[in-house]
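# Inside the fold
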Amino acid sequence: MKEEQKNTSKIFPDIEPDYNEWPIVKISRARKKIIDEVVESTLQAIIKKHPTESDLQEVLAKAVYLEKARISGRVWSTDPKDDTEFWNSIKSKLVKADQQNNKNIDDEAALLREIIYRYAEEISGHFDIRTYRFAQRLVPFVFNRLLNSTRSKEFIRLFGNEKGLLKRINLVGETEQVRTLAKKGTIIMVPTHVSNIDSITVGWAISASGLPPFLYGAGLNLFSVKLLAFFMKRLGAYKLDRRKKNSIYLEALKQYSTNVISKDGHSLFFPGGTRSRSGELESNLKLGLLGTALEAQRLNVLQANGGDYKKIFVAPVTLNYSFVLEAPELIDEHLRNVGKERYFIQADKYSSSYKILKLLAKFFTASADFTIAFGKCMDIFGNEVNEDGESMDNTGRKIDITDYFKSDGVLSNDTQRDSEYARMLSEKILDAFRKNNVAMAGHIVAFAAFHYLQNKHQNSDLYSVLRMPEEFRRIPQADLLHSVTLLQQEILKLEKKGKIRLGPISHGPPLQVMNYGIKTLGIYHTVRPLLIDKKSGEIKCTDMKLLLFYHNHLVGYGLENHVG
C-alpha cells in the first residue's frame, strides 16, 4: 500500500497534546540541574581516564594551548567576549598548581570544574513554547506558499486533478511506527544531510507527524546569523563548536548528549556530520554522537536495576529534493577536494540573516517538490524492532538487548566493545539510507542524461566530460526517453526488492517522468542543468557539474549498465 501523502501542516494528531509533558520542555526547565550533572559526570569521566596529578595537568595544558590557538585565529561573533581573559586566568592557575606539585589533584580538579562549567553553559539549549508555536504556524505557511505557486500542467495531467498538486511535499515510510515507539521510548532521528534547510525540513516532518519537538545540535557558527539564532536559541538547539578539539570540551559535549537522551529527550543527529558535497548518500557516519545514544541506553538499563527500562530507538530518514539550493557550491567544493578542479575559494553565501532570507525566498517561490522518507526503526544495536519496541534478530526471534551490555553475565562498561556496537549501528543506518532513498523524476533524468553523455565520450575521463563544449552536450529527446525508460524499469525492480523507493511521479509514464524531471531539476539555479531546445527539440545540458550533482543521488545501485 502506498504511503499516505498529504501536505497539511498537521497530518497526524499530537501523540502528546499537553506540552508540559514533552521531554524537551522538562529538559529545558531542568537546565540548571542538568548542567550541574553534566559538570560532575564530565569531571569524573576525565579523572577516571587521567587519575594522577601529572595526567590532569597535561590534559589542562593541552586544552589551554588549543583554546589559545583558537582565540588567536578568526574570532566569531558568538565567542564569549572574555575568552582571552578566561584562558589567561586558567593558564596562570595551572602554572601555579604545577609549581606546587602537592601530589593531590584538588587544584587540577577545581580548574577542570571551572572549564567544564563554562562549556556546559555554552552547550546547553533552551526551549520556548511560544516560539515553537510561532514556528509551527510559520513553516506550514511558507510550505503552502510553495505549493500554491507551483501549478504544473504536466503534473495535473499526470494525476488528473488539482488535488494532486497538494502532494508535492511527500511524507512517506514508517511514520506510524515512529509515532508508536515515541510513546514507548526515546527516538534518535538520523536524517541524510545535503542542504542548510534540512533542519527546517525535518522539523516540519516531526511536527506534521504529531511528534513532540526534538533536541538537536547546531554549529555555534550558525548562531552568528541573527535570524537562525533567534529560533535555535528557543527551540532546543544545543551548541556544537567544531573548533574546540580538546578532550575536556568533547567529553562535556558527550556527557550532555548522553544526559538528555537518558532523560527521554528525543534527539536529532545528522550522522554524516556535514552536508554531502557530491550529492551522493552518506557513505561514512560520525560515531561520536551515536555513541552517546548507546551510553544513554546503558544508563537506562543500569538505572532500571533489572526492571523495565526505557528503550532508545533509531529512526533513519532520507531527505530528497528535486533541487538543492547550494548544489553549485557543494559540487565545486567536492571536485576541488578530490583534487581535480582548479583551486576555488568558496565564500559562505549563507552567513547573514539577509542571505538566509534570500535563500529561503528563492526556495519557497520556485517550483519544487520533495520527499521525506522514514525508514524502519531499529534499536541502538541496529536490530529491527516490532510495533511493541521489542528487538528482533535476523530470523525474527525476539532478543534481549541487555545481553549486549554484559560480560560473563554481568553488566559492564567496555569501551572497545561499544565502539564496535556503534560501528554496527552506523552500517545499519547507511543500509537504511540506501533502501529509503527516493528516486525522483529529476534524479532519474539527471542520471540518464549524464551517463548518456559520458557513454558518448568513453575515451574521456570524468573531468574532460565535465568540460566538454556545449555543442557536444546535446541529446535527442528520443534517446533520452529511451534511457529514462530503461532506468525507470530497473529502479522499479529494485523497489520491489525493497532496495530503493520511487517517488510518486516517477511511477508515471516515462515521457511524463522525463518532461517533469527536466522541468523541475535544479529549477532554483540561475542556469538549469537541462533544457529543451525549442528550435531543434534536443535536450541540452547547460551545466555538467550540476548534472553530475543530481546524478549522484542514484549512485551505488549499479544503474550504470541500465542506461541506453
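Reading the values: rules and limits
Residues numbered from 1 in each chain as written. Predicted model: local features only at pLDDT ≥ 70, side-chain atom pairs only at ≥ 80, totals over all residues. Heavy atoms only, no water. Phe/Tyr/Trp six-rings, centres within 6.5 Å; stacked < 30°, edge-to-face > 60°. Helix = DSSP H or I, 4+ residues; strand = E, 2+ residues; numbered from the N terminus. Buried < 20%, exposed > 50% of the residue type's maximum accessible area, 1.4 Å probe, protein only. Lys NZ or Arg CZ within 6 Å of the ring centre and 35° of its normal. Salt bridge = Lys/Arg side-chain N within 4 Å of Asp/Glu carboxyl O. Pairing = 2+ DSSP bridges. Contact = heavy atoms within 4.5 Å. pLDDT = per-residue confidence, 0-100.

## Things to note about the packing of aromatic side chains
For the coordinates displayed, the defined rule picks out 15 aromatic pairs. Both rings, one in Trp22 and one in Tyr132, keep their centres 5.5 Å apart while their planes meet at 80°; by these two values the pair is edge-to-face. Here the residue Trp22 occupies a position in the segment before α1 (23-29), and Tyr132 occupies one in helix α6 (residues 129-148), the gap between them amounting to 110 residues. Like Tyr132, Trp22 is buried. Ring plane angle 80° and centroid distance 5.0 Å describe the contact between Tyr119 and Tyr249, whose orientation is recorded as edge-to-face. With Tyr119 in helix α5 (residues 106-123) and Tyr249 in helix α11 (residues 247-262), the pair connects residues that are 130 residues apart, well separated along the chain. The residues Tyr119 and Tyr249 share a single accessibility class, namely buried. Here the aromatic cluster, defined as three or more aromatic residues joined through ring pairs, consists of Tyr19, Trp22, Phe127 and Tyr132. For Lys239, the ring lying beneath its charged end belongs to Phe223, and the centroid distance is 5.0 Å.

## Thoughts on the pattern of salt bridges
A complete count under the given rule lists 34 salt bridges for this structure. Its salt-bridge partner being Asp241, residue Lys244 comes within 2.6 Å of it at the nearest N-O pair. Accessibility expressed as a relative area gives 3% for Lys244, which makes it buried. What makes Asp241 buried here is its relative accessible area of 1%. The salt bridge involving Glu295 is made with Arg298; its shortest N-O contact spans 3.1 Å. With Glu295 and Arg298 both in helix α12 (residues 288-304), this residue pair falls three residues apart, about one helical turn. For Arg298, a relative accessible area of 3% puts it in the buried group. Ionic contacts of the salt-bridge type, sharing partners, join the residues Glu67, Arg70, Asp79, Asp82, Asp83, Arg118, Glu122, Asp241, Arg243 and Lys244 into one network.

## Some thoughts on the sheet that holds strand β18 (residues 539-541)
Pairing in this open sheet of three strands is antiparallel, and the strands run β15-β18-β17 from one edge to the other. Since the sheet does not close on itself, it has two edges, and those belong to β15 (474-475) and β17 (530-532), each with one partner. Pairing between β17 and β18: three bridges, direction antiparallel. Note on β18: the bridge partner recorded for Leu531 is Lys540.

## A few points about the side chain of Thr402
Looking at where Thr402 falls in the secondary structure, it is placed in the loop between β11 (398-399) and β12 (406-407). Discounting residues that sit within four places of it in the chain, Thr402 has contacts with Val301, Tyr309 and Leu411.

## A closer look at the confidence of the model for the chain
On average, residues of the chain carry a pLDDT of 87, and 87% of them reach 70 or more. Averaged over each element, pLDDT in the chain is lowest for helix α7 (residues 153-159) (38) and highest for strand β8 (residues 378-379) (98). The low-confidence segment residues 1-10 (pLDDT under 50) makes 25 contacts with residues lying over four places distant or belonging to another chain. The low-confidence segment residues 146-166, where pLDDT is below 50, has 43 contacts with residues more than four positions distant or belonging to other chains.

## Regarding unusual backbone geometry
The phi dihedral of Asn305 is positive, around 50°, even though this residue is not glycine. Relative to the helices and strands, Asn305 resides in the loop between α12 and β6 (311-321). According to the relative accessible area criterion, Asn305 is exposed, its value standing at 70%. The backbone of Asp408 sits at a positive phi, close to 55°, despite the residue not being glycine. By relative accessible area, which is 83% here, Asp408 ends up exposed.

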